[in-house]
Amino acid sequence: RDIAALATTAHDHAPARWTMVQMQVQSGTQLIPTATVKLRAADGTTKVGSGTGDGPVDACCRAIDAVVGEAGELQGFTTRSVSEGTGALAEVTVRVKDLYSGRTFVGRGTHVDLVDASAEAYLDAVNSLLNARDAEDDKSLRFPKAKVSA
């Protein structure tokens with residue numbers, strides 16, 4: 001089941017405008033949850049961003065937003081275990097609402113670490129959102145709205 005889940009998730013991802021290179025998370029009872037991410041853009045450049053949050057997943061989402069810009073708002077977050085045992089794969093599905101269009105985008109992530117799977121899912125949804133914005137921009141350039149004269 002682990003291999004099937006990984007293969008399905010890899011196939012379902014949006015084209016990678018941004019990919020995760022590195023992620024570091026600190027969290028604990030007496031710590032402010034903090035995350036630092038290093039993302040690679042499609043052109044090969046890398047950027048680093050950090051964020052704090054209510055927990056490690058929130059901190060990761062804010063760190064990603066620090067790199068790509070605050071594109072959307074997390075609307076839904078679900079997890080499930082793909083297999084059994086302490087090394088089981090976690091599958092995370094998130095819904096992110098575009099702050100401009102109001103459209104909702106779904107992202108998925110699968111990893112043995114729940115925080116990694118969550119960051120992967122959030123980045124997948126953000127990539128889908130940004131790709132849709134680019135497609136809309138391209139469409140408006142190709143098909144400009146006609147001017148109405150009075």
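Use the structure listed above.
Here we summarise the structure given alongside this text. (Residues numbered from 1 in each chain as written. Predicted model: local features only at pLDDT ≥ 70, side-chain atom pairs only at ≥ 80, totals over all residues. Heavy atoms only, no water.)

Overview of the sheet that holds strand β3 (residues 46-52)
Then step 1. Spatial strand order, β1-β2-β3: three strands in an open sheet with antiparallel pairing. In this open sheet, the two strands that pair with only one neighbour each are β1 (18-28) and β3. This sheet shows a mean twist of 15° between the axes of neighbouring strands, independent of strand direction.
Then step 2. Pairing of strand β2 (residues 31-41) with β3 involves seven bridges; the strand directions are antiparallel. Bridge pairing in β3 links T34 to T52.
Then step 3. Helix α2 (residues 56-68) rests against β1, β2 and β3 of the sheet, and its axis sits at about 140° to β3. (Pairing = 2+ DSSP bridges. Helix = DSSP H or I, 4+ residues; strand = E, 2+ residues; numbered from the N terminus. Axes fitted to C-alpha atoms, helices over the stretch in contact; angles between N-to-C directions. Contact = heavy atoms within 4.5 Å.)

Overview of the side chain of D98
Then step 1. Considering the arrangement of structural elements, one finds D98 in strand β5 (residues 90-98).
Then step 2. Filtering out sequence-adjacent residues up to four positions away, D98 remains in contact with A71, G72, R103, F105, L129 and R133.

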